[in-house]
There are 2 protein chains.
Amino acid sequence: MKSSAKFYHAGCPVCIEAQTVVESYLDTTKTDLEIVHLGEAAERLPEAEAAGVVSVPALFVDGRVLHLNHGADLTALK
Amino acid sequence: MKSSAKFYHAGCPVCIEAQTVVESYLDTTKTDLEIVHLGEAAERLPEAEAAGVVSVPALFVDGRVLHLNHGADLTALK
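- Chain A is annotated in an unreviewed UniProt entry as Thioredoxin family protein of Actomonas aquatica.

This is the structure we're talking about:
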C-alpha cells in the first residue's frame, strides 16, 4: 500500500527551502505527499503534535518525523 | 543531469532512523545517493563542513543541507 507523507510548515524561509527539496526528491511512486501550512490551518496543530512534530519544517512518513533544519517551534504557532 | 546526494551520519540511533527514511523515499531516479559515515571517514569532515553540515544526520542535495533531527554536532566527531 502506498504510504502517505505530510510536510508540515509555516511559510517561513527555512520551510520553503526544505519544501523545495522534499517536492523535488521525495519518491512519489512510494508515497503521496500532502503539504500542510500550520500557520493557515491551525486546527491541524494537534494532529502534527500527535505525530511527534515539535518544530517546522517537518516531514512525517511511515510513523517517523524528520525535522528538517529549524524554522519555528510549534509553540510559536499557537 | 542526475544530481548527487550525500547522507552524512555517524552511526547514531537518530542517524539510522533518518537513513531508513532517506533510503526508502529518496527518488533515486533523480539523484544518486552516497552514504558517508563521518565517524569512520573523518577525512571527509572538511567536505561536510564546506557543504554547510553542522550536525548529523544531514542530507546534502542540490547545494542545500537538510539537518534531519539531531544526533550529534560535527564538532563532537573531531
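Past the structure itself, the notes keep going.
## A short note on the interface of chain B and chain A
Right, on to step 1. On the side of chain A, 19 residues touch chain B, which itself brings 19 residues to the contact.
Right, on to step 2. If you sort the residues of chain B by the area they bury against chain A, Y25, R64 and L66 of chain B come out on top, with a joint share of 37%.
Right, on to step 3. Applying the counting criterion to the chain B and chain A interface returns two salt bridges.
Right, on to step 4. Here R64 of chain A and E17 of chain B are joined by a salt bridge, their closest N and O atoms 3.5 Å apart.
Right, on to step 5. For the side of chain B that touches chain A, the secondary structure elements donating two or more residues are α1 (13-25) and β4 (64-73) of chain B.
Right, on to step 6. Here the side of chain B that touches chain A is composed, by residue class, of eight nonpolar, six polar and five charged.

## Some thoughts on the nonpolar core
Nonpolar side chains in soluble globular proteins tend to end up buried together.
Right, on to step 1. Formed by 22 residues in total, the largest nonpolar core has its most connected members in L59 and L68 of chain A together with L59 and L68 of chain B.
Right, on to step 2. Of all the elements in the fold, those that place two or more residues in this core are β1 (3-9), α1 (13-25), β3 (55-61) and β4 (64-73) of chain A together with β1 (3-9), α1, β3 (55-61) and β4 of chain B.
Right, on to step 3. Excluding residues within four positions of it along the chain, L59 of chain A makes contact with A5, K6, F7, V22, L26, L33, R64, V65, L66 and L68 of chain A.

## Some remarks on the pattern of salt bridges
Where charged atoms of side chains with opposite charge meet at close range, the side chains can pair.
Residue and element names in this part refer to chain A.
Right, on to step 1. Taken as a whole and assessed by the stated rule, the structure comprises 12 salt bridges over all chains.
Right, on to step 2. Residue D32 pairs with K2 through a salt bridge whose shortest N-O separation is 3.2 Å. In this pair, D32 sits in strand β2 (residues 31-37) while K2 sits in the segment before β1, placing the two residues 30 residues apart along the sequence.
Right, on to step 3. One salt-bridge network, in which partners are shared between bridges, spans E34, R44 and E47.

How each quantity is defined
- Residues numbered from 1 in each chain as written.
- Chains lettered and ligands numbered in written order.
- Predicted model: local features only at pLDDT ≥ 70, side-chain atom pairs only at ≥ 80, totals over all residues.
- Heavy atoms only, no water.
- Contact = heavy atoms within 4.5 Å.
- Buried area = accessible area lost by both parts, 1.4 Å probe.
- Salt bridge = Lys/Arg side-chain N within 4 Å of Asp/Glu carboxyl O.
- Helix = DSSP H or I, 4+ residues; strand = E, 2+ residues; numbered from the N terminus.
- Nonpolar A, V, L, I, M, F, W, Y, C, P; charged D, E, K, R; others polar.
- Core = buried A, V, L, I, M, F, W, Y, C linked by side-chain atoms within 4.5 Å.
- Buried < 20%, exposed > 50% of the residue type's maximum accessible area, 1.4 Å probe, protein only.

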